[in-house]
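Summary of the model geometry
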Amino acid sequence: MTRALFIVDVQNDFTEGGALGVAGGDDVASRISAYVAAHRHEYAIVVASRDWHDADNDNGGHFAAGEPDFVQTWPVHCVAGTAGAEYDDHFDTSAVSHHLKKGQGKPAYSLFEGETDEGVTAVRLLEEHGILDIDVVGIATDYCVRASALDAIAAGRHVRVLTDLVAGVAAETSDAALAEIAHAGGELTKTVD
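Being a predicted model, the structure only gives us computed values, none of them experimental. (Residues numbered from 1 in each chain as written. Predicted model: local features only at pLDDT ≥ 70, side-chain atom pairs only at ≥ 80, totals over all residues. Heavy atoms only, no water.)

Looking at helix H4 (residues 171-183)
Each α-helix winds once per 3.6 residues, and so residues spaced three or four apart point in a common direction. Our working definition: Runs of H or I in DSSP of at least four residues are treated as helices and runs of E of at least two as strands, each being numbered from the N terminus. Multiplying 1.5 Å by the helix residue count minus one yields the expected span of that helix. Any two residues whose heavy atoms approach within 4.5 Å are treated as being in contact.
Over its 13 residues, H4 extends 18 Å from the first C-alpha to the last, a length consistent with the 18 Å expected when each residue adds 1.5 Å. Buried residues along H4 sit in contact with helix H3 (141-154), strand E5 (158-167) and strand E6 (187-189). With its phi angle positive at about 115°, Gly185 sits one or two positions after the end of H4.

As structure tokens, this is what we get:
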């Protein structure tokens, strides 16, 4: 098998009730869990990323000093070791083979900016497991899913975004992100017709 599943930032702070919660986040978490349960055998590896920001600094300007602009600066979110940084309760992580943490002290959007607790990067995982194809799901379509999919394409892999397993901040920016991914060579598909 040369296919990987990348599950991006399905965390409490990005689902309903979180610091940056998106509508439909809990539902996407549940649907991702059901999908993984039914399709785990199709993937050599299942990689889940989490924002994992420092509590004692602004993470390279990522946390707003005043009013966030919601483009480059954000409210405090996904602080390491807090409930907001944990995976959403609707996301069953039992089939995840690799967990990556990103944004430790700096802004980070793409899963490719993360690493395991042992320091293993996404690129190294792709090389070690001979991954040629990547399916991308998660939160948020218009930010971290977008960045992760584009980096996967830039890494020379065939990328599919499973569009019924993503949730975005806003419809307009999510649609634009998906169009950008398609323009870059990614495939947009659904798990069900």
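From this point, the discussion proceeds with the structure in view.
A word on the packing of aromatic side chains
So the rule is basically this: Only the six-membered ring of Trp is used, alongside the rings of Phe and Tyr, when aromatic pairs are assigned; centres must lie within 6.5 Å, and planes under 30 degrees apart are stacked while those over 60 apart are edge-to-face, with the rest tilted. Definition used: whenever NZ (Lys) or CZ (Arg) falls within 6 Å of the ring centre and also within 35 degrees of the ring normal, the charge is taken to sit over that ring.
The final tally for this structure, using the stated rule, is five aromatic pairs. Ring centres 5.3 Å apart and planes at 85° place the aromatic pair Tyr87 and Phe91 in the edge-to-face group. Taken together, the ring pairs in this structure connect Phe70, Trp74 and Tyr143 into an aromatic cluster. Looking at Arg50, its charged tip hangs above the ring of Tyr87, at a distance of 4.3 Å from the centre. Lying over the aromatic face of Trp52, Lys101 brings its terminal NZ or CZ to 4.3 Å of the ring centre.

Digging into the pairing of E5
Within a regular strand, side chains alternate between the sheet's two faces. Quick reminder of the rule: Each residue's exposure class comes from its accessible area (1.4 Å probe, protein chains only) as a fraction of the maximum for that residue type: buried when under 20%, exposed when over 50%, partly exposed otherwise. By definition, two strands form a pair when at least two bridges between them are found by DSSP. Seen with its strands pointing away from the viewer, a crossover is right-handed when the path leading from the first strand over the helix to the second is clockwise.
Here E5 lies mainly inside the structure; seven of its 10 residues are buried. Bridge count between strand E4 (residues 133-139) and E5: six bridges; the pairing is parallel. In the sheet register, Asp133 faces E5, and the bridge partner there is His158. Handedness of the crossover joining E4 and E5 through H3: right-handed. The pairing of E5 with E6 spans three bridges and is parallel. Paired with Arg160 across the bridge in E6 is Glu187. The parallel pair E5 and E6 is bridged by H4, and the resulting crossover is right-handed.

Side note on the sheet that holds E5
Worth spelling out the cut-off: Orientation is described by axes fitted as lines to C-alpha atoms, over the contacting stretch for helices, and by angles from 0 to 180 degrees between their N-to-C directions.
Pairing is parallel in the open sheet, where six strands are placed in the order E3-E2-E1-E4-E5-E6. The sheet is open, and its two borders are formed by strand E3 (98-102) and E6, each paired with just one other strand. The mean angle between the axes of side-by-side strands here comes to 25°, regardless of whether they run parallel or antiparallel. On top of the sheet, helix H2 (residues 122-129) reaches strand E1 (3-8), strand E2 (45-51), E3 and E4; it is set at about 155° to E3, its chief contact. Contacting E1, E3, E4 and E5, H3 crosses the sheet at an angle of about 170° to E4.

Considering the pattern of salt bridges
Test applied: Any Lys or Arg side-chain nitrogen located within 4 Å of an Asp or Glu carboxyl oxygen qualifies as a salt bridge.
Under the counting rule described, the total for this entry stands at nine salt bridges. The partner of Asp27 in a salt bridge is Arg31, and the shortest N-O contact between them spans 2.9 Å. Taken together, the positions of Asp27 and Arg31, both in helix H1 (residues 25-39) and four residues apart, correspond to about one turn of that helix. Residue classification places Arg31 among the partly exposed positions, given a relative accessible area of 31%. Arg50 is the partner of Glu86 in a salt bridge, and the nearest nitrogen-oxygen pair spans 3.3 Å. In this pair, Glu86 is assigned in the loop between E2 and E3 and Arg50 in strand E2, connecting sequence segments 36 residues apart. Classification of Arg50 by relative accessible area gives buried; the value is 10%.

Quick word on the side chain of Asp51
Stated formally: Here a polar contact is taken to be a pair of N or O atoms separated by no more than 3.5 Å, where protein atoms must pair a possible hydrogen donor with a possible acceptor and residues adjacent in sequence count only if both atoms sit in side chains.
Relative to the assigned elements, Asp51 resides in strand E2. A distance of 3.1 Å separates a polar atom in the side chain of Asp51 from a polar atom in the side chain of His53. Beyond its immediate sequence surroundings of up to four residues, Asp51 is in contact with Asp9, Gln11, Phe14, His77, Cys78, Ala85, Lys102 and Ala108.

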